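Breakdown of the fold
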Amino acid sequence: MPIPTGPASPPNSTTAVTTSAPAGTLKGGKAPGLKAVDKETTAGVLFGIGAYGLWGLLPLYFFVLAPAGAVEIVANRVVWSLLFCTLLITVTRSWRVLGAAFRNRTVIGPLAIAAGLIAVNWLTYTYGVTTGHAVETSLGYFINPLVSVLLGVFVLKEKLRPLQWAAVGIGFVAVGVLSFSYGKLPWIALTLAFSFGLYGFFKKRVGPRVDALTSLTVETVVLAPFAGATMIVLAVSGAASLTTDGAGHFWLLLASGIITAVPLLFFGASARRLPMTTIGLLQYFAPVLQFIVALTVFREAMTTERWIGFGVVWLALLLLTADTLGTARRNSGARKLARAAA
């Protein structure tokens, strides 16, 4: 699935070096820059696994935050994430970079929209997990690759290859089957898929101009006034649980800042280092883990119709993955031929 996010990445494979290698080639036939590229790729994969692994296990964290509801959890996530980001900006002495980002309209505009989209995504996801719909939340991230393809068609005016068309068509069939199973459109899954797909699209527009920490801090600053106001309203109305359910609950909610920020930072760092093909494959970690947690820990029911619907989704993803890998392999071969001919 390539999530449409992150800047163009460096190549993730070394190139063959002929016996007539240019001066400066290291012993063993590797150019000086290739080792650095390999390290960047390895770091990108590890960051990606960390991000999607943490996101996949996030339902377990929300489970222990009861009785806090989705709105309170998300408000706390934003406020304490801002505190954590402020600390990181101070430690890394990045205030000047942050200020430059706020003064750049081509940066602040897309990131402000991205902030709104990720807020919708968080609210929907947290609501789904805390109300017994964790299986449906995993479905949202399973179908997100198909949404990315649709964004490519309708927003970027890209032309789909045959396997991509087949995957999208099968995806629509899956939504129909699951709608029959649920008795309604799986709106939680669709909201998650479209909000995160659009979030990635706007993050991609920022590209290499903003690092992961600056990007996350800008988004958090945009959301913080709304989150702070929400926390005040909840406290005044007596609906907040932050200070009423013991010290353990208090510190768990405060930890939401770190638990929210760390995977987003990992995600940003991974997207800057890896090609979209690799990011797309790594993304399956999160919904797979969410699906396993929903079935084994939360014991959510899966009817026969839902198994069929999920199976159709997985078939669509299999076709999409095969197309992505095949295209990447052909492009890599074409680049090697072009270098050999140069």
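Going by the structure above, here's the rest.
Let me sum up the structure you'll find in this document.

Calculation criteria
Residues numbered from 1 in each chain as written. Predicted model: local features only at pLDDT ≥ 70, side-chain atom pairs only at ≥ 80, totals over all residues. Heavy atoms only, no water. Axes fitted to C-alpha atoms, helices over the stretch in contact; angles between N-to-C directions. Helix = DSSP H or I, 4+ residues; strand = E, 2+ residues; numbered from the N terminus. Parallel < 35°, antiparallel > 145°, perpendicular 65-115°, else oblique. Left-handed = near helix turned anticlockwise from the far one by under 90°. Nonpolar A, V, L, I, M, F, W, Y, C, P; charged D, E, K, R; others polar. Core = buried A, V, L, I, M, F, W, Y, C linked by side-chain atoms within 4.5 Å. Buried < 20%, exposed > 50% of the residue type's maximum accessible area, 1.4 Å probe, protein only. Contact = heavy atoms within 4.5 Å. Phe/Tyr/Trp six-rings, centres within 6.5 Å; stacked < 30°, edge-to-face > 60°. Salt bridge = Lys/Arg side-chain N within 4 Å of Asp/Glu carboxyl O.

1. Overview of the packing of helix α6 (residues 162-182) against helix α13 (residues 304-341)
The contact between α6 and α13 brings their axes to 8 Å, and the two run at 165°. When the axes of α6 and α13 are compared, the pair comes out roughly antiparallel. The interaxial crossing formed by α6 with α13 has left-handed handedness. Here the residues of the contact of α6 with α13 are counted per class, giving 18 nonpolar, four polar and three charged.

2. Examining the nonpolar core
In this structure, Trp55, Phe62, Phe310 and Val313 are the most contacted members of the largest nonpolar core, which totals 80 residues. Top element by residues in this core is helix α5 (residues 134-154). It accounts for 12 residues. Ignoring any residue separated from it by four or fewer positions in sequence, one finds phenylalanine 62 in contact with Ile73, Arg77, Tyr125, Thr126, Val129 and Thr130.

3. Quick look at the packing of aromatic side chains
Each aromatic ring pair is described using two quantities: the centre-to-centre distance and the angle formed by the ring planes. The full count for this structure, using the stated rule, is 21 aromatic pairs. Aromatic side chains tyrosine 52 and phenylalanine 267 sit 6.1 Å apart centroid to centroid with 75° between the ring planes, which places their arrangement in the edge-to-face category. With a gap of 215 residues between them, tyrosine 52 in helix α1 (residues 32-64) and phenylalanine 267 in helix α10 (residues 256-273) connect regions that are remote in the sequence. Residue classification places phenylalanine 267 among the buried positions, given a relative accessible area of 2%.

4. What to know about the pattern of salt bridges
Tallied over the full model, the rule gives two salt bridges. The salt bridge involving aspartate 323 is made with arginine 161; its shortest N-O contact spans 2.7 Å. Of this pair, aspartate 323 sits in helix α13 while arginine 161 sits in the loop between α5 and α6; the two residues are 162 residues apart in sequence, bridging distant segments of the chain. For lysine 203, the salt bridge goes to glutamate 219, with nearest N and O atoms at 2.7 Å. In this pair, lysine 203 is assigned in helix α7 (residues 187-206) and glutamate 219 in helix α8 (residues 212-236), connecting sequence segments 16 residues apart. On the accessibility criterion, glutamate 219 (2% relative accessible area) is buried.

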